[in-house]
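Structure assessment
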Amino acid sequence: MNVAVTMFSGGRGAAGIARGMLGTPGVGLSLIVNGYDNGLSTGALRRYLPGMLGPSDFRKNLLLHLDPADPAQAALATVLEHRLPGGTTPAGLTAVIESIAARRDPFAALPEAAREAVTADLRVFARRLAAYPHGLDLADCALGNLVFAGAYLRLGRDFNAAADACARTFGSPVRLLNVTNGENAFLAALRGDGSLLADEADIVAPQGPGVITDLFLLREPLGARRRAELEALPPAWTREVLGRERAEVTPNPRALEAIRDADLIVYGPGTPHSSLLPSYLTPGVADAVARSRAAAKVFVVNIRSDHDVRGLSAPGLVDRTLAYLGDPRNGRRLVTHVLSHRASAPDAPAVPYGVLDRGEWAGARWITADLKHPGRPGLHNPGRMAEALLAIRNEAALVRAR
């Protein structure tokens with residue numbers, strides 16, 4: 001079996017599915033990710049390097065294939081996930097780089113090629129920090145994000161080239177693709193009660209009641225003054241103003257190619273309003289899905305809700321996906337199947353009994369199965385997810401061939 005799987009993903013929400021696919025012989029996996037994260041240290045890094053998207057979700061997806069039982073792979077994971085302690089100075093970062101170069105623990109088992117690439121990119125970033133030491137607090141920065149930032153600077157501030165370089169450095173078997181050509185953009189949203197969520201960090205944070213109704217990709221981040229101005233306006237005016245400030249982004253041709261050439265498209269689980277729905281706003285994505293050779297285009301329902309989907313049922317999330325793809329009635333068959341866990345958990349997006357009885361929503365077939373990880377609440381079982389998704393694809397391919 002040789003199956004090309006393309007999945008829209010975030011940082012960790014679809015990690016189990018991705019690992020299940022990587023463990024299935026004959027499956028080639030492409031992940032389409034956006035770079036709009038700007039929380040905490042990632043936001044600080046984006047402010048320090050204006051124009052750069054957030055690397056965190058790309059970094060997290062570089063961990064998918066790494067086995068902690070293998071010393072070399074464990075060392076690669078340590079580089080990606082190591083957090084710099086509070087009070088770290090530029091000289092402290094240089095000391096960490098020299099520890100890697102000298103093969104000191106916990107980096108001693110790094111493969112030679114990876115060690116050279118990691119230290120080279122970190123040194124590029126360290127030189128930038130030495131020249132411009134103000135404006136970045138290194139506390140809690142993920143070392144992997146700084147490797148990415150160094151690659152970004154080394155490669156002429158080309159975000160997608162940096163993603164490719166880091167995938168090579170860490171030996172990723174996944175085709176990891178930014179959904180856009182790397183244009184800088186920032187998320188904002190409005191809730192049904194008119195309240196403004198001024199950035200991605202607000203969107204994923206705990207929230208009061210009321211669903212998110214509008215999502216925006218903006219050219220510039222909303223600073224404190226601009227936020228206060230917008231919050232003083234009636235919600236309809238705020239919506240109009242933010243609509244005029246939308247960022248112009250262009251699709252990554254390689255991402256569109258991965259969608260068109262897929263045998264199976266998966267709308268992965270995760271945090272919808274930060275990790276998934278913004279990707280569907282990219283021009284050209286919906287057309288690529290419509291033209292794809294994929295026999296099945298499957299929406300996967302979260303096993304556990306995130307803060308940003310309060311008030312939305314599982315069918316409501318399918319509707320949001322179709323709306324952001326510009327096909328609210330699913331007339332283009334952009335979603336052919338929906339896959340959800342058989343027993344809806346109390347904190348999962350609700351699936352109405354009527355939907356389960358019909359086995360259909362918005363023209364898509366609704367399928368349930370036992371998909372929950374037995375030992376990790378709130379997560380999908382990697383093997384069962386891969387098996388279920390590939391079974392849907394194979395059945396759909398047989399039906400098409402008749």
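The structure presented is a predicted model; accordingly, all values stated were derived computationally and were not measured. (Residues numbered from 1 in each chain as written. Predicted model: local features only at pLDDT ≥ 70, side-chain atom pairs only at ≥ 80, totals over all residues. Heavy atoms only, no water.)

It is worth spelling out the overall build of the chain at this point. Secondary structure assignment for the chain yields 17 helices and 11 strands. Expected size for 402 residues packed as a compact globule is a radius of gyration near 21 Å; at 21 Å, the chain falls within 12% of this value. Its C-alpha atoms put the chain at 65 × 55 × 40 Å along the principal axes. Of all 402 residues assigned to the chain, the portion counted as buried reaches 54%. If you take every contact in the chain between residues at least 6 apart in sequence, the share linking residues at least 24 apart comes to 76%. With an accessible surface of roughly 16,600 Å², the chain has 52% of that area assigned to carbon and sulfur atoms. One finds the centroid of the 45 positive side-chain charges in the chain at a distance of 2 Å from the centroid of its 40 negative side-chain charges. (Helix = DSSP H or I, 4+ residues; strand = E, 2+ residues; numbered from the N terminus. Rg over C-alpha atoms; globule rule 2.2 N^0.38 Å. Buried < 20%, exposed > 50% of the residue type's maximum accessible area, 1.4 Å probe, protein only. Contact = heavy atoms within 4.5 Å. Areas by Shrake-Rupley, 256 points an atom, 1.4 Å probe, with all protein chains shown as cover. Lys, Arg positive; Asp, Glu negative; His and termini not counted. Charge placed at Lys NZ, Arg CZ, Asp CG, Glu CD.)

Further remarks concern the nonpolar core. In this structure, Phe 8, Leu 93, Phe 125, Tyr 267 and Leu 389 are the most contacted members of the largest nonpolar core, which totals 124 residues. Per-element tally for this core: the top contributor is helix α7 (residues 143–154), with 8 residues. The next biggest cluster of nonpolar side chains, apart from the first, holds 10 residues, and it includes Leu 196, Phe 216, Leu 222 and Val 241. (Core = buried A, V, L, I, M, F, W, Y, C linked by side-chain atoms within 4.5 Å.)

Attention shifts here to the pairing of strand β11 (residues 364–369). Where strand β9 (residues 337–341) and β11 come together, 5 bridges link them in parallel fashion. Across the sheet, residue Ser 340 finds its bridge partner in β11, namely Thr 368. Where strand β10 (residues 360–361) meets β11, 2 bridges bridge the pair, whose relative direction is antiparallel. In the sheet register, Trp 361 faces β11, and the bridge partner there is Ala 364. (Pairing = 2+ DSSP bridges.)

Helix length check: helix α17 (residues 382–401) (20 residues) gives 29 Å between terminal C-alpha atoms against 28 Å at 1.5 Å per residue, within 8%. By the burial criterion, the buried members of α17 are Met 385, Ala 386, Ala 388, Leu 389, Leu 390, Ile 392, Arg 393 and Ala 396. Its side-chain oxygen 3.1 Å from the backbone nitrogen of Gly 383, Asn 381 forms the N-cap of α17. (Expected span 1.5 Å × (residues − 1). Polar contact = N/O pair within 3.5 Å; in protein donor to acceptor, adjacent residues only side chain to side chain.)

Our focus in this paragraph is the pairing of β9. With respect to burial, β9 is a largely interior element, 5 of its 5 residues being buried. A two-sided burial pattern is seen for β9, the buried positions comprising His 337, Leu 339 and His 341 on one face and Val 338 and Ser 340 on the other. Following the chain from strand β8 (residues 296–300) across helix α15 (residues 314–324) to the adjacent parallel β9, one finds a crossover that is right-handed. (Right-handed = clockwise from strand over helix to strand, strands pointing away.)

Okay, the packing of helix α5 (residues 90–101) against helix α6 (residues 112–131) next. Contact pair α5 / α6: the axes reach a minimum separation of 10 Å and the direction vectors enclose 165 degrees. Comparing their axes, α6 and α5 come out roughly antiparallel. You can see that α5 and α6 cross each other, and the crossing is left-handed. Contacts between α5 and α6 involve Pro 90, Leu 93, Thr 94, Ile 97, Glu 98, Ile 100 and Ala 101 from the former and Arg 115, Val 118, Thr 119, Leu 122, Arg 123, Phe 125, Ala 126 and Leu 129 from the latter. (Axes fitted to C-alpha atoms, helices over the stretch in contact; angles between N-to-C directions. Parallel < 35°, antiparallel > 145°, perpendicular 65-115°, else oblique. Left-handed = near helix turned anticlockwise from the far one by under 90°.)

The next subject is the pattern of salt bridges. Here the structure, examined in full by the defined rule, presents 22 salt bridges. Between Arg 239 and Asp 214 there is a salt bridge, and its shortest N-O distance comes to 3.0 Å. Of this pair, Arg 239 sits in helix α11 (residues 235–244) while Asp 214 sits in strand β6 (residues 212–218), and the two are 25 residues apart along the sequence. For Asp 214, a relative accessible area of 18% gives the class buried. Among the ionic contacts, a cluster of salt bridges with common partners joins Arg 12, Arg 59 and Glu 81. (Salt bridge = Lys/Arg side-chain N within 4 Å of Asp/Glu carboxyl O.)

Let's shift gears to the layout of surface pockets. For the largest pocket, the calculated volume is near 1,100 Å³. Approximately 220 Å³ is the volume found for the second largest pocket. In terms of lining, the second largest pocket is formed by 16 residues, of which the most central are Asn 38, Gly 43, Arg 47, Phe 186 and Pro 221. For the lining of the second largest pocket, the secondary-structure elements that each account for two or more residues are α2 (40–48) and β4 (186–191). Partitioning the lining of the second largest pocket into residue classes produces 8 nonpolar, 4 polar and 4 charged. (1 Å grid on protein atoms, 1.4 Å probe; cavity = no way out; pocket = protein on both sides within 12 Å on 5 of 7 lines; lining within 4 Å. Points joined across faces, edges and corners; volume = space filled by probe spheres on them. Nonpolar A, V, L, I, M, F, W, Y, C, P; charged D, E, K, R; others polar.)

This brings us to the sheet that holds strand β5 (residues 196–197). Spatially, β5-β4-β6 is the arrangement adopted by the 3 strands of the open sheet, whose pairing is antiparallel. Of all strands in the sheet, those with a lone pairing partner are β5 and β6, marking the two edges. Where β4 meets β5, 2 bridges bridge the pair, whose relative direction is antiparallel. Looking at β5, one finds that Ala 189 is bridged to Leu 197. Sheet strands in contact with α11 are β4, β5 and β6, and its direction is about 30 degrees off that of β6.

With that settled, consider the sheet that holds strand β3 (residues 175–178). Spatially, 8 strands are ordered β3-β2-β1-β7-β8-β9-β11-β10 in an open sheet, and the strand pairing comes out mixed. Two strands in the sheet have a free side with no partner beyond their single neighbour: β3 and β10. Pairing geometry for strand β7 (residues 264–267) and β8, over 4 bridges, is parallel. Bridging across to β8, Ile 265 finds its partner in Lys 297.

Just distances and angles here, no functional claims.
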